[in-house]
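An overview of the molecular structure
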Amino acid sequence: MATIDRQTPTLALAHALAAAGRGLPVFPLSATKLPALRSPHRGEQPPAHCRGECGLPGHGVHDATTDPAAVRALFAAAPRATGYGIACGRAPHRLIGIDLDVDPAYGSDAAGALRQLALQHLFTIPPTVTVLTPSGGRHLWLTGPADATVPNSAGRLAPGIDIRGTGGYLVGPGSVTAHGRYRLAPGTAHLTPAPAPRALLRLLTRPHRTPTATRGTALTPTPDRRGEGLIQFVLAAHEGQRNTRLFWAACRAYEHGFGDTLADALTAAAVRSGLPEHEARAAIASAARLTSRRGDEETNGAA
């Protein structure tokens, strides 16, 4: 596990400036991998739907910039930042992150699952920038064309493979988190992000079909499984639908009795998909209040 000390924020800024110099939009992250700056709209009622139009910092991935002076200003406002995020889907690179997790639940072989997909759909992952994560996973950096919008997703391609696309972000190499340091894989530091193969792009941009129940049956997954599906639903949100998807998912979680248990995971998923943390928490709180009122009305026999 990496040590977080007084030099960590200075090094985080240096790494962020280097990334910005290569055309990668960056913003400061805390040791939790969440945006380091608090929203300027926290506590506002109704919650603001600002994406930075107010001109103030604190809008998560929407703060991301390649301007060195702006990067320094963001880190000056977040003196405890230990890392930086890189906004995906933004020009000039239009970065796409392939996140290969390591988890016993996936058989610890997300990389193998990606190789199987490559064989099945006839594509090859080219040599590209690769970032090693503290958990033993890796992030592959690819680029997409201007006319392709790649949504964020978790486990849609295969178990253990998460996608960071438009509105999402990757933790940049050199960042330090509570679990350790992100670092470039040996032999990839000199590379630039490679274009995503066309066959892979088709997989990443095709609509996701939700399984439907056959006639006379119902889909009744366990609460844990339902929670996983709700998190994936939030991660896959496009810009303009993130708040709505999160509110819907939170309502379903509270209706089924595990809303409080899932709240932090839903918040993290919404932030990773591009929603500011204050908006995410406000949406979840609204869902909790709404479902609570419905329960009271049903108990009291109200129409």
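See above for the structure.
Cut-offs used in this document
Each chain has its residues counted from 1, running along the sequence as written. Where totals are concerned, whole chains, interfaces and linings use all residues; where local detail is concerned, this predicted model gives features only for residues with pLDDT of at least 70, and gives and counts side-chain atom pairs only at 80 or more. Excluded from the side-chain calculations are hydrogens and water; all other atoms, namely the structure's heavy atoms, are used. To sort residues, take the accessible area from a 1.4 Å probe on protein chains only and compare it with the maximum for the residue type: under 20% means buried, over 50% means exposed, and anything in between is partly exposed. Helix numbering and strand numbering both begin at the N terminus, where a helix is a DSSP run of H or I of at least 4 residues and a strand a DSSP run of E of at least 2. Note: the arc covers the axis-to-C-beta directions of the helix. Contact between two residues is taken to exist if any of their heavy atoms lie within 4.5 Å; hydrogens are not considered. Given the number of residues in a helix, its expected span is that number minus one, multiplied by 1.5 Å. Among the buried residues, those of types Ala, Val, Leu, Ile, Met, Phe, Trp, Tyr and Cys that are joined through side-chain atoms within 4.5 Å form a nonpolar core. In this scheme, strands are said to pair when DSSP sees at least two bridges between them. Every axis in this analysis is a line fitted to C-alpha atoms, fitted for helices over the stretch in contact. Angles between the N-to-C directions lie between 0 and 180 degrees. The scheme is simple: roughly parallel for angles under 35 degrees, roughly antiparallel for over 145, roughly perpendicular for 65 to 115, oblique for anything else. Handedness of each helix crossing follows the sense of rotation of the near helix against the far helix: counterclockwise by less than a right angle gives left-handed, clockwise gives right-handed. By the convention adopted, Pro, Cys, Tyr, Trp, Phe, Met, Ile, Leu, Val and Ala count as nonpolar, Lys, Arg, Asp and Glu as charged, and the other residues, Gly among them, as polar. Definition of a polar contact: a pair of N or O atoms within 3.5 Å, with one able to donate and the other able to accept a hydrogen when the atoms are protein atoms, and with sequence-neighbouring residues admitted only if both atoms are side-chain atoms. Only centres within 6.5 Å qualify two rings of Phe, Tyr or Trp (six-membered ring in Trp) as a pair; their planes then separate them into stacked at under 30 degrees, edge-to-face at over 60, and tilted for everything else. Here, a charge over a ring means that NZ of Lys or CZ of Arg falls within 6 Å of the ring centre while also lying within 35 degrees of the ring normal.

1. Remarks on helix 2 (residues 68-77)
Those residues of helix 2 not exposed but buried are Val71, Leu74 and Phe75. On an axial view of helix 2, the arc spanned by its buried residues comes to 95 degrees, and they lie on one face. The exposed set on the far side of helix 2, more than 90 degrees from its buried face, consists of Ala69 and Ala76. Those residues of helix 2 that are buried are in contact with helix 1 (8-21), strand 1 (26-29) and strand 2 (83-87).

2. A short note on the environment of Ala77
Here Ala77 is to be found in helix 2. Owing to a relative accessible area of 44%, Ala77 belongs among the partly exposed residues under this scheme. Between the C-alpha atom of Ala77 and that of Leu37, which follows or precedes it by 40 residues, the distance is 7.3 Å.

3. Regarding helix 1
With 14 residues, helix 1 ought to run about 20 Å at 1.5 Å a step, and its terminal C-alpha atoms sit 20 Å apart, in line with that. The inward-facing, buried residues of helix 1 abut strand 1, helix 2, strand 2 and strand 9 (176-177). Where helix 1 ends, the next residue or the one after it, Gly23, has phi of about 85 degrees, a positive value.

4. Quick notes on the nonpolar core
Counting residues in hydrophobic clusters, the biggest one holds 30 residues, and the most contacted among them are Val26 and Trp141. Counting residues per element, the ones that place at least two in this core are helix 1, strand 1, helix 2, strand 2 and strand 8 (169-171). Residue contributions to this core peak at four residues, all from helix 1. Listed in part, the 22 residues of the second largest apolar core include Leu114, Ala118, Ile163 and Leu203.

5. Focus on the side chain of Thr177
Along the chain, the position of Thr177 falls in strand 9. Residue Thr177 is classed as buried on the basis of its relative accessible area of 4%. Excluding residues that lie within four positions of it along the chain, Thr177 makes contacts with Ile4, Ala31, Lys33, Pro134 and Tyr182.

6. Side note on the sheet that holds strand 2
The strand order across the open sheet built from three strands is 1-2-8, with neighbouring strands paired in antiparallel fashion. The two strands at the open ends of the sheet, each matched to only one other strand, are strand 1 and strand 8. With strand direction ignored, the average angle separating the axes of adjacent strands in the sheet is 35 degrees. As paired elements, strand 1 and strand 2 share four bridges and run antiparallel to each other. By the bridge assignment, Phe27 is partnered in strand 2 with Gly85. Strand contacts of helix 1: strand 1 and strand 2, with the helix running at about 20 degrees to strand 2, the strand carrying the most contacts.

7. Some thoughts on the packing of helix 1 against helix 2
Look at helix 1 against helix 2: their axes get within 10 Å of each other, and the N-to-C directions meet at 155 degrees. Judged on the interaxial angle alone, helix 2 and helix 1 are roughly antiparallel. The chirality of how helix 1 crosses helix 2 is right-handed. Counting all contacts with helix 1, which are made through Ala12, Leu13, Ala16, Leu17 and Ala20, the residues of helix 2 involved are Pro68, Val71, Arg72 and Phe75. Class assignment of the residues belonging to the contact of helix 1 with helix 2 gives a composition of eight nonpolar, no polar and one charged.

8. Quick notes on the environment of Arg245
Following the sequence through the fold, Arg245 ends up in helix 6 (residues 242-255). For Arg245 and Ala270, which are 25 residues apart along the polypeptide, the C-alpha to C-alpha distance reads 9.1 Å. In this view, Arg245 contacts Phe233, Val234, Ala236 and Ala237; residues no more than four positions away in its chain are not counted. Among the polar contacts listed, one links the side chain of Arg245 to the backbone oxygen of Phe233, at a separation of 2.8 Å.

9. Topic: the packing of helix 6 against helix 7 (residues 259-273)
Between helix 6 and helix 7, the shortest axis-to-axis distance is 10 Å and the interhelical angle comes to 165 degrees. Relative to helix 7, the element helix 6 is oriented roughly antiparallel. Helix-helix and strand crossings are classified by hand; for helix 6 and helix 7 the assignment is right-handed. Contact with helix 6, carried on its side by Arg242, Leu246, Ala249, Ala250, Ala253 and Tyr254, involves Gly259, Asp260, Leu262, Ala263, Leu266, Ala270 and Ser273 of helix 7 and no other residues of that element. Here the residues of the contact of helix 6 with helix 7 sort into nine nonpolar, two polar and two charged.

10. Digging into the packing of aromatic side chains
One pass over the full model with this rule turns up two aromatic pairs. Relative to Trp248, the ring of Phe233 lies with its centre 5.1 Å away and its plane at 50 degrees, an arrangement referred to as tilted. Placement of Phe233 in helix 5 (residues 223-235) and of Trp248 in helix 6 is noted, with a sequence separation of 15 residues between them. You can call Phe233 partly exposed: its relative accessible area is 27%. Against the face of Phe233 rests Arg245, its NZ or CZ located 4.1 Å from the ring centre.

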